[in-house]
Amino acid sequence: GMFSEMRLWDEYIQTLVQLGKRSEAERVVRERLDAAPTPEMWCYLGDFTEETRHYSTAWELSAGSCARAKLALGAAAMRRQAWEEARSELRCALGVKAHLAEAWYCCA
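Reading the values: the criteria
Residues numbered from 1 in each chain as written. Predicted model: local features only at pLDDT ≥ 70, side-chain atom pairs only at ≥ 80, totals over all residues. Heavy atoms only, no water. Helix = DSSP H or I, 4+ residues; strand = E, 2+ residues; numbered from the N terminus. Buried < 20%, exposed > 50% of the residue type's maximum accessible area, 1.4 Å probe, protein only. Areas by Shrake-Rupley, 256 points an atom, 1.4 Å probe, with all protein chains shown as cover. Axes fitted to C-alpha atoms, helices over the stretch in contact; angles between N-to-C directions. Parallel < 35°, antiparallel > 145°, perpendicular 65-115°, else oblique. Left-handed = near helix turned anticlockwise from the far one by under 90°. Contact = heavy atoms within 4.5 Å. Nonpolar A, V, L, I, M, F, W, Y, C, P; charged D, E, K, R; others polar. Salt bridge = Lys/Arg side-chain N within 4 Å of Asp/Glu carboxyl O. Arc of directions from axis to C-beta. Core = buried A, V, L, I, M, F, W, Y, C linked by side-chain atoms within 4.5 Å.

Enquirer: So, the overall build of the protein: which residues are in play, and what are the values?
Expert: Of the regular secondary structure elements, the protein holds eight helices and zero strands. Sequence-ordered secondary structure for the protein, helices as α and strands as β, is α-α-α-α-α-α-α-α. Buried positions account for 36% of the 108 residues belonging to the protein. Accessible surface for the protein amounts to roughly 6700 Å². Of this, 52% is attributable to carbon and sulfur atoms.

In structure tokens, the structure reads:
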């Protein structure tokens, strides 16, 4: 397809999700992880599987530069009502991208 030929993986995956083709999007993510793992693809896998370990992998692979991973870990901690852990994760996300409104709102 056009997206894969142009290597617009994020756009391709987001389009599949918007079209209701979530399982196909997950298949593409897993294929990309086999071919060329990136923090973004690990985050997508975490989104699809709801397994926080994938966000941790994304964070490690990014060498501490993937704010999306920490934002997702913070959100997961909030769902468990682990407030101190959530605050710590969200502060890490803000350390990478200070403009993340979601993290500011939750840390306030």
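Enquirer: Account for the packing of helix α6 (residues 67–79) against helix α7 (residues 83–96), naming residues and giving values.
Expert: The description of two helices packed together rests on the angle between their axes and the distance between the axes. One can describe the packing of α6 onto α7 by two numbers: an axis separation of 8 Å at closest approach and a directional angle of 165°. Considering the angle they form, α6 stands roughly antiparallel to α7. α7 is crossed by α6, and the crossing has left-handed handedness. Contacts between α6 and α7 involve Ala67, Lys70, Leu71, Leu73, Gly74, Ala77 and Met78 from the former and Trp83, Glu85, Ala86, Glu89, Leu90, Cys92, Ala93 and Val96 from the latter. Split into classes, the residues belonging to the contact of α6 with α7 amount to eleven nonpolar, one polar and three charged.

Enquirer: An account of the environment of leucine 45 is needed here, citing residue identities and associated values.
Expert: Checked against the element boundaries, leucine 45 lands in helix α4 (residues 39–49). According to the relative accessible area criterion, leucine 45 is buried, its value standing at 2%. It is 8.3 Å that separates the C-alpha atoms of leucine 45 and tyrosine 55, two residues lying ten residues apart in sequence. Not counting residues within four places of it along the chain, the set of residues in contact with leucine 45 comprises Glu26, Val29, Arg30, Leu33, Glu50 and His54.

Enquirer: Now, about the pattern of salt bridges: what can you tell me, with residues and values included?
Expert: Overall, the coordinates contain seven salt bridges when judged by the stated rule. In this structure, arginine 27 engages glutamate 24 in a salt bridge whose closest nitrogen and oxygen atoms are separated by 3.8 Å. Here the residue arginine 27 and the residue glutamate 24 both occupy positions in helix α3 (residues 22–35), the gap between them amounting to three residues, near one helical turn. By relative accessible area, which is 39% here, arginine 27 ends up partly exposed.

Enquirer: Could you give an account of helix α5 (residues 52–61), naming the residues involved and the relevant values?
Expert: Within α5, burial applies to His54, Tyr55, Ala58 and Trp59. An end-on view of α5 places all buried positions within 145° of arc, on one side of the element. Facing away from the buried side of α5 by more than 90 degrees, the exposed set consists of Arg53 and Glu60. Those residues of α5 that are buried are in contact with α4, α6 and α7. Two residues or fewer after α5 comes alanine 63, characterised by a positive phi angle close to 55°.

Enquirer: Describe the nonpolar core, listing the residues and the values that go with them.
Expert: Counting residues in each nonpolar core, the largest one holds twelve residues, listed as Trp9, Tyr12, Ile13, Leu16, Ala25, Val28, Val29, Leu33, Met41, Tyr44, Leu45 and Phe48. At the level of elements, α2 (9–18), α3 and α4 are the ones that each hand at least two residues to this core. The next biggest cluster of nonpolar side chains, apart from the first, holds eight residues, and it includes Tyr55, Cys66, Ala72 and Leu73.

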